[in-house]
Amino acid sequence: MDKILEALVSSSHPLAVKKAIVKKVVEAAEKEVTEEQCQALYALAARLILVGEDAFQRQVGQQVQEAYARYHRDEFARFLTKEFVLSLLQQGYGPLERRDPAIVDFLHGCLRLLISCPAVLEVAATLQTEVLRVACERPDAPLCARLAALLSDFPQCMPRDKTKVLFCQQLVRTISSFQCPASRDRELREYVSQVNRVSALLQGVWKADPATLLPSLQEVFAVISSTDSSSEPSIALASLVQHIPLQMITVLIKSLTTDQNVRDASMIQALCRMIDWLSWPLANHVDTWVIALLKGLAAVQKFTILIDVTLLKIELVFNRLWYPIVRQGALAVLSHMLLSFQHSPEAFHLVVPHMVLLVQSLRSDGLPTSHAFLLQFTELIHCMMYQYSGFPDLYDNILESIKDLPKPSEEQIKLFLNQSAWTSQSNSFASGLLRLTGKSETGKTGLINLGNTCYMNSVLQSLFMATDFRRRVLSLQLNGGSALMKKLQLLFAFLAHTQRAAYAPRHFFEASRPPWFTTGSQQDCSEYLRFLLDRLHEEEKTVKALQGKPSPAVSDGPSAAADGCEDHTAAKVRAEEVGPTLVESMFGGRLSTGICCLQCHSVSEKEEPFTDLSLAFCPSAAAEEPFSGQACHGPVNGGSESSEGVSKESSSSSLAPDSERTTLSVTDMMKYLLAPEILDGENRYFCECCGTLQRAERAVRVVAAPEYLILTLLRFSYDAAQHVRRKILDNAHIPLHISLPLHQQRSSSSSSSFRLPFQTQLDSHENGENLAKKLKPSRREEEDEEEVEIPYVLSSVVMHSGMSSESGHYYSYGRNVNAVDGVCSTAANHCLPAGSKGVEPRCLDQSSRDWFLFNDSRVTFTNFQSVQNITSRFPKDTAYVLIYRKQETGRPPGANGISINGLRLSGEPPLQKELMDAITKDNKLFLQEQELNARTRALQAATASCSFRPNGYDDNEPPGSCGPSGGGGGGGFNTVSRLVF
């Protein structure tokens, strides 16, 4: 049969005929075949796979081998002998050399066919020796990548015991010998992919056997510190950096910088080559390690090395700024090198001639990240020109090119320069690096700042503290279509059950970041919250529409559907059939906006949903009753900027002394939003009945109250003259309880369901203020509708610290609050039930520590007094987003539990198996990291003493910032390019 098949595939018969006959041969594998025939077919298949003349012959070889190996596995095991494997790896096959990647691919395929056969162990024992020999021969990247794939799938082929350490060291040497002969983009991408596969293999070995990590890193340093000029190590070694645990920075850098056996020439070579690694695409943490080594050298006062390396490499680092894929890390290193090189302008003046061209390129290249990068680069330029003033001939063109960009203040520049100086590194080096710690006394989990992601962290912690929403998310039975909700569910599960002090939400950040948000730049948390809720809503709506039925995961969520007029389009009918989404049921409410023409009294009404209300800072007179009809209302789901008129009044008040300010409360701002408004002058209303522009009255009413009421204070006003968003610093009193006026119809009526507060025809010449005071509902209208006060209790507050939405820092306060179990969901807090008769709902002990302060990685206890007093103590720290929970007094305590498959749960839902498995796996990894960290600290203590700042509660300083020392776990960015101004 093998002779026939061999003749057939080499014949000139039509391809269809050959395929049909091959199919018959493959099907014959199910029948009884002699061992001699099997061996002949296996030999033929191997020959076709390895040296087939075309793709068809190689495909036939694969089909025949797989079919006969499946039905005659014992015969195939006898074919794949130790001698045959050694022959392939040591001598090659026919015209194929032994280093040909096709041979490794062939063996990989053979092992897959024997994966459950005992014979694979014999082959594995042979490969354990051979892969070490191959690594010692310095194979090229394609062969090494194939070998890495084989070892990843079959770890039993990995060298064991002491030879495993040797294998890792030789693999490091092999990576250092890689060369990239490719010039085309596709070939370059393939080369990078091959290198990453090899580095991923080393990462797997390090995780499985931590004892191999340190010898491997020693080998890396031996390679890059070599002063032998005959061979230059490949920058492919940069691919290993992302796999080195960051918690080892301290001990490794101290070990390197204090080792007396490391000569200065070797250290210079090593540092220069690490800087060269900035050219490696997608290399994570290279800048972190380079900066850490620079700081370590400064800490031990090895200034000669720093000077030599800076002057030697500063231009190369600057040139990396032209390449978007590596420019962010390059700017971090460039910033540190220039800001720390404070004894001479020599380093800065080396790159000055190239700055104008780079600025022009960043302005014109059209990339979405270029503008934010240009702002960072501009700040660095201003710092350097401040440090080395007195060169107008050099700086004039630069100043002209950046004259329209913001400039940091003199105080900020001095701060950056003082923090970056070489002489400041001796005391700050150890404490500024990452260090694993246990959970705080709160038992809560923080969120690691991934680089100016405090806006996301504060929002996620606030949503997590929304008890009923969290429980419903964790109880959802999700399918493959709910990608973002599934990630949110996993994130909530980790926040609730991980043993880590802080969790890094990288996957959720990548999935939830709005496309227009620049990674690494500060953003508006309110904008992010709206985008997140909208994404979750649309995702669930799409899934339900495809399924055509409601999700069975949550059965009794409160409906957010309004009782008013509906636009009965096909889409809305379908939406009603499948029921509200989780976002609608938790955060959805409805507003009714009515406009009444004051000439003909016709009424135009529009009802719309909302997930948050934006509250403008009304003028001081508006805080008093009755409200003027000339209110300027904030939008519904409408952003974080106030209108220009309001911003001017509010901005002026924000600059006044504290004694002259009138402190508004959130309740005042709510009334201001819902106060009637006269449309007059340029704002007159076009009445369809009258056919002309007429004076009119507009009023907004809430007709459906959400379970969670989100209020956004419009703190950022747009300055049209300066084209910047300025922050309104006015303090706003935050009440623990508020009431939301809800308008309901008492009985059905043929008249319009919306009632505007007018009684009789009014003189059109009266001014708007007097008119508003006269507007009152008629007795008949009051009988047809009623206004009920819906009680809400504060659940969380997102604070903004800074002067604009594009800068500063976000953190949040939160506590566990549900619908009917009183103020707090934990029995340990002594609180009155909401709505107790004759008693104003309030916490009995305002100073009790029932609140949590979430500041990125850091979580501490606090109290409601701190929430209310934060702005009076720190004027730049102001409340921005507030979340209130609706209190329902009609149901008994505990009746707000969720239902899963008919089973009511009043507490936290049990974790699903998939979530529990993920958390269990990560907790085991965390324990391994803790063990490794304990060994690291023990080694560190034996070499040098280190002091870390305590992570305790400190009520005497502001909660922090996105900078190097703020919030804990902020990504370890200690350069001007990562600071937020």
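Residues numbered from 1 in each chain as written. Predicted model: local features only at pLDDT ≥ 70, side-chain atom pairs only at ≥ 80, totals over all residues. Heavy atoms only, no water.

Going by the annotation in an unreviewed UniProt entry, the name recorded for the protein chain is Ubiquitin carboxyl-terminal hydrolase, with Denticeps clupeoides given as the source organism. Check the Catalytic activity (unreviewed entry) section of the UniProt entry for the protein chain; it says "Thiol-dependent hydrolysis of ester, thioester, amide, peptide and isopeptide bonds formed by the C-terminal Gly of ubiquitin (a 76-residue protein attached to proteins as an intracellular targeting signal)." (UniProt positions renumbered as here; feature names shortened; annotations may be inferred.)

Q: Teacher, can you tell me more about the pattern of salt bridges here?
A: Where side chains of opposite charge bring their charged atoms close, a pairing between them can arise. The full count for this structure, using the stated rule, is 29 salt bridges. Where Arg 78 meets Glu 75, a salt bridge forms, and the shortest distance between an N and an O atom there is 3.8 Å. Here Glu 75 and Arg 78 lie together in helix α5 (residues 73–79), a separation of three residues that amounts to about one turn. Glu 677 is the partner of Arg 698 in a salt bridge, and the nearest nitrogen-oxygen pair spans 2.5 Å. Of this pair, Arg 698 sits in strand β11 (residues 696–704) while Glu 677 sits in strand β8 (residues 677–679), placing them 21 residues apart in sequence. Residue classification places Arg 698 among the partly exposed residues on the basis of a relative accessible area of 29%. Through salt bridges that share partners, Arg 98, Arg 99, Glu 130, Arg 133 and Glu 137 make up one connected network. (Salt bridge = Lys/Arg side-chain N within 4 Å of Asp/Glu carboxyl O. Helix = DSSP H or I, 4+ residues; strand = E, 2+ residues; numbered from the N terminus. Buried < 20%, exposed > 50% of the residue type's maximum accessible area, 1.4 Å probe, protein only.)

Q: Help me out: how do you make sense of the nonpolar core in this one?
A: Soluble globular proteins: nonpolar side chains tend toward being buried together. Among the nonpolar cores identified, the biggest contains 157 residues, and Tyr 68, Leu 107 and Phe 348 are the most heavily contacted of them. Leu 474, Leu 488, Ala 493 and Tyr 708 belong to the second-largest nonpolar core, a separate cluster that totals 51 residues. (Core = buried A, V, L, I, M, F, W, Y, C linked by side-chain atoms within 4.5 Å.)

Q: Help me out: how do you make sense of the environment of Glu 584 in this one?
A: As for its placement among the helices and strands, Glu 584 is situated in helix α30 (residues 582–587). Among the residues examined, Glu 584 registers a relative accessible area of 31% and is labelled partly exposed.

Q: Help me out: how do you make sense of the packing of aromatic side chains in this one?
A: Aromatic ring pairs are described here by two measures, namely the spacing of the ring centres and the angle between the planes. All told, the structure shown has 23 aromatic pairs when counted by the stated rule. Aromatic pair Phe 464 and Phe 492: ring centres 5.5 Å apart, planes at 70°, arrangement edge-to-face. Of this pair, Phe 464 sits in helix α24 (residues 454–464) while Phe 492 sits in helix α26 (residues 483–497), and the two are 28 residues apart along the sequence. Both residues of the pair, Phe 464 and Phe 492, count as buried. Centroid distance Trp 516 to Phe 517: 6.0 Å. Interplanar angle 90°. Geometry classified as edge-to-face. Exposure remark for Phe 517: the relative accessible area of 2% places this residue in the buried category. Through a chain of ring-to-ring contacts, three or more aromatic side chains come together here, namely Tyr 42, Phe 76, Phe 79, Phe 84 and Phe 106. The ring of Phe 373 carries the charged tip of Arg 327 above its face, separated from the ring centre by 5.1 Å. (Phe/Tyr/Trp six-rings, centres within 6.5 Å; stacked < 30°, edge-to-face > 60°. Lys NZ or Arg CZ within 6 Å of the ring centre and 35° of its normal.)

Q: How do you make sense of α24 when you look at a structure like this?
A: Helical periodicity: at 3.6 residues per turn, an α-helix aligns residues three or four positions apart in one direction. Of all eleven residues in α24, eleven are buried, a share of seventy percent or more. Of all the residues in α24, the buried ones are Cys 454, Tyr 455, Met 456, Asn 457, Ser 458, Val 459, Leu 460, Gln 461, Ser 462, Leu 463 and Phe 464.

Q: I would appreciate a short explanation of the confidence of the model for the protein chain in the present structure.
A: Segments scoring low in pLDDT should not have their predicted coordinates read at a detailed level. Scored by pLDDT, the protein chain comes out at a mean of 77, with 75% of its residues at no less than 70. In this model residues 642–661 is a low-confidence stretch, pLDDT under 50, and it forms 28 contacts with partners more than four residues away in sequence or in other chains. Note that pLDDT drops below 50 for residues 898–906; the model gives that stretch 26 contacts with residues more than four away or on any other chain. (pLDDT = per-residue confidence, 0-100. Contact = heavy atoms within 4.5 Å.)

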